[in-house]
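# Understanding the architecture of this molecule
Read off the chains here:
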Amino acid sequence: MSKLLIPKDYTPVIDYMESQRAIKKIKDFFQQELAYGLRLRRVSAPLFVTPQSGLNDNLNGVERTVDFTIKDMDEAEVQIVQSLAKWKRMALGRYNIKPGYGIYTDMNAIRRDEELDNIHSVYVDQWDWEKVIRKEDRNEEYLKEVVDRIYLALKNLGDFVNRHYPELRTELPNEIFYITSQELEDMYPEMTPEEREKAITEKERAVFISKIGGKLKSGEKHDGRAPDYDDWELNGDIILWNDILEDSFEISSMGIRVDEESMERQLKLAGDEERKNLDFHKAILKGELPYTIGGGIGQSRLCMYFLRKAHIGEVQVSVWPEDMIKQCEENDIFLL
């Protein structure tokens, strides 16, 4: 069932057509800032991959892919990508990118099992980025350095939007606040992970929660992560406080990717050791692919945040339940 939050007294700050112009300005500006800050070049990316390649993202491991067959390939099965976390690493190896440099691309996906609400859509659009690092860069200090660069790009985008649309005024703190998932559980032991995220983000307004995927002292996970792309000790989420929805608002999931040892360990913990037979996993375990850091940054999420929209459907075209469309219309929320 879909969920919908109607903010009290919500009225769009800028109209629909001006919003369309603003969306392009935001996307053009931010990807330039991101590419400059992380030394990335834009490349083309696949919309679908073969299952046996092992390149599709398993997300939390339970989401169903969208599959179809190709007539001129003897009805070979392919899957719509769920993200490009693994493909990017393979691409960096093929392009022979040197440490310190990387790539970014527009990723479009269909996630059929999303629970539709103000910030979740069946259609996903994000900037997927990845850069090559040295083995000695696989540490928390390097992770934080990259997060700081992404946050600077967000700050610069905020200044850009404020100059062009002063009526949309959005203020971000000067620095992002760092906390691990275990420190967060220790701070709010009686809360659920979602409640903890909301509490710390409301307090700090911009937060990076790290070390996501493994079990906490309570025996629970802060959130699920596939075992074969992020190193669970060297990953995290960038979360901002959303004044319109009065809730935490994830902008990016990212991390230093698994090496041979962490791939082996996490596959065992997840009970997914059979994946070691897939092409991508074999390449990692044999040390044939570069060490990398990467992530995804939601394009519609970013536009929704800086344009102060109440629903992701105000900045992207998708499909929605009829009752949601009707309720949004009644409350001045225009879904594209």
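A quick note: this is a predicted structure, and the numbers were derived from the prediction, not measured. (Residues numbered from 1 in each chain as written. Predicted model: local features only at pLDDT ≥ 70, side-chain atom pairs only at ≥ 80, totals over all residues. Heavy atoms only, no water.)

### Some words on the pattern of salt bridges
Convention followed: A side-chain nitrogen of Lys or Arg and a carboxyl oxygen of Asp or Glu constitute a salt bridge if their distance falls within 4 Å. Between buried and exposed lies partly exposed: a residue is buried under 20% and exposed over 50% of the maximum accessible area for its type, with that area taken using a 1.4 Å probe on protein chains only.
Summed over all chains, the structure comprises 26 salt bridges. Salt-bridge contacts for Asp 223 lead to Arg 225; the nearest nitrogen and oxygen are separated by 3.3 Å. For Arg 225, a relative accessible area of 10% translates into the label buried. Through salt bridges that share partners, Lys 88, Asp 128, Glu 130, Asp 230 and Arg 257 make up one connected network.

### A closer look at the nonpolar core
To keep it simple, the criterion reads: Nonpolar core, defined: a set of buried Ala, Val, Leu, Ile, Met, Phe, Trp, Tyr and Cys residues in which side-chain atoms within 4.5 Å join the residues together. Where helices and strands are cited, they refer to DSSP runs of H or I of at least four residues and of E of at least two residues respectively, numbered from the N terminus.
Counting residues in each nonpolar core, the largest one holds 59 residues, and the members touching the most others are Trp 129 and Met 254. Among the elements that line this core, the one with the most residues is helix α3 (residues 140-164), at eleven residues.

### Looking at unusual backbone geometry
Keep in mind that most residues, glycine aside, have a negative phi and that most peptide bonds are trans. If you check the backbone angles, Lys 211 has positive phi at about 60° while not being a glycine. Counting through the fold element by element, Lys 211 comes out in the loop between β8 (206-210) and β9 (230-242). A relative accessible area of 26% means that Lys 211 is categorised as partly exposed.

### Remarks on the pairing of strand β10 (residues 247-257)
The cut-off we apply is this: Two strands pair under a simple rule: DSSP has to find at least two bridges between them.
Of all eleven residues that make up β10, eight are buried, and the element is covered over most of its length. Looking at chain direction, β9 and β10 are connected through nine bridges and run antiparallel. Among the inter-strand pairings, Trp 241 is bridged to a residue of β10, identified as Ser 248. The turn joining β9 and β10, which pair antiparallel and follow one another in sequence, is formed by four residues; a positive phi near 50° is taken by Glu 246. Pairing geometry for β10 and strand β11 (residues 292-298), over five bridges, is antiparallel. In the sheet register, Met 254 faces β11, and the bridge partner there is Gly 295.

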